[in-house]
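# Notes for the structure review
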Amino acid sequence: MKTKEWTWLVALAALIGLSIYMNRNRFAPEQMAINASLRLPRRGEAAVWPVFFALNDGFKLTSVEVIPFEDGKFNSASRPVWHLISDSNSVPTRAFRYGQPIRGMKPAVKNTQADALEPGVTYRLLLEAGRVKGTVDFSTRPTAQ
């Protein structure tokens, strides 16, 4: 081969390498980060501070589940106090409050609502958005009565 052809091949290889380097994270699996926070209650009748959840991106949630810890240990077979599922196309969600209806989702057991959270109990939130999954543990705090 001539020098000119080698120059073009090296330039092409450099461009391919640069393209791969610039797009290296594009095909990495998406990760879900969840932040649980307690907010000041609006109503005086609430037993615990309301719990809000913020996600790092807008996810089309397919399952939302809150399960209490038993004797300081998590048992995934325990009955969830809140369980929503989506059997169709849910709306991208970035934040929600415990017990709040989420558009595009329905209770896993028909005609049920979220159980009231108990003061001083630790819970685990399990979220699924297709193949992406995330969890966060949170504790409740009683409101000042």
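These remarks concern the structure in this document. (Residues numbered from 1 in each chain as written. Predicted model: local features only at pLDDT ≥ 70, side-chain atom pairs only at ≥ 80, totals over all residues. Heavy atoms only, no water.)

## Here we look at the overall build of the protein
Operational definition: For helices the rule is a DSSP run of H or I covering at least 4 residues; for strands it is a run of E covering at least 2, with both sets numbered from the N terminus onward. The size measure is the radius of gyration over C-alpha atoms, and the globule rule it meets is 2.2 Å times the number of residues to the 0.38 power. Each residue is assigned to one of three classes by its accessible area relative to the maximum for its type, calculated with a 1.4 Å probe on protein chains only: buried under 20%, partly exposed between the two thresholds, exposed over 50%. Contacts: residue pairs with any heavy atoms within 4.5 Å of one another. In this tally, Lys and Arg are treated as positive and Asp and Glu as negative; His is ignored, and so are the chain termini. Working definition for charges: the position is that of NZ of Lys, CZ of Arg, CG of Asp or CD of Glu.
When you go through the protein residue by residue, the secondary structure sums to 1 helix and 8 strands. Helices (α) and strands (β) of the protein occur, in sequence order from the N terminus, as α-β-β-β-β-β-β-β-β. Computed over C-alpha atoms, the radius of gyration of the protein comes to 23 Å, more than 25% over the 15 Å expected from 2.2 N^0.38 for 145 residues, which places it beyond the range of a compact globule. If you line up the protein on its principal axes, its C-alpha atoms span 85 × 30 × 30 Å. Relative to its 145 residues, the protein shows a buried fraction of 28%. Restricting the contact set of the protein to residue pairs at least 6 apart, pairs at least 24 apart contribute 55%. Distance between charge centres in the protein, computed from 19 positive and 12 negative side chains, equals 9 Å.

## A look at the sheet that holds strand 1 (residues 34-38)
For clarity, the threshold we go by: Here, any two strands with at least 2 DSSP bridges between them count as paired. Fitted lines through C-alpha atoms give the axes, limited to the stretch in contact for helices. The angle between two N-to-C directions lies from 0 to 180 degrees.
Strands sit in the order 1-2-5 across an open sheet of 3 strands; the sheet is antiparallel. In this open sheet, the two strands that pair with only one neighbour each are strand 1 and strand 5 (92-97). Strand-to-strand, the axes of this sheet are offset by a mean angle of 15 degrees, without reference to chain direction. When strand 2 (residues 51-60) meets strand 5, the two strands line up antiparallel, connected through 5 bridges. Of the residues in strand 5, the one forming a bridge with Lys-60 is Pro-92.

## Quick look at the sheet that holds strand 6 (residues 106-107)
Strand order in the open sheet formed by 5 strands is 6-4-3-7-8, and the pairing between neighbours is antiparallel. Of all strands in the sheet, those with a lone pairing partner are strand 6 and strand 8 (132-139), marking the two edges.

## Brief notes about the pattern of salt bridges
Inclusion rule: For this analysis, a salt bridge means a side-chain nitrogen from Lys or Arg found within 4 Å of a carboxyl oxygen belonging to Asp or Glu.
This model, assessed by the stated rule, comprises 3 salt bridges. One salt bridge in this structure joins Arg-79 and Asp-115, with 2.4 Å as the shortest N-O distance. Highlighted residues: Arg-79 in the loop between strand 3 (63-68) and strand 4 (82-85) and Asp-115 in the loop between strand 6 and strand 7 (122-129), separated in sequence by 36 residues. The exposure class of Asp-115 is partly exposed, given its relative accessible area of 26%.

## Quick look at the pairing of strand 4
Regular strands place their side chains on alternate faces of the sheet. Residues Trp-82 and Leu-84 line the buried face of strand 4, whereas the alternating positions His-83 and Ile-85 sit on a face that is not buried. Across 4 bridges, strand 3 lies against strand 4 in antiparallel orientation. Paired with Val-66 across the strands is Trp-82, a residue of strand 4. Pairing of strand 4 with strand 6, which is carried by 2 bridges, proceeds in the antiparallel orientation.

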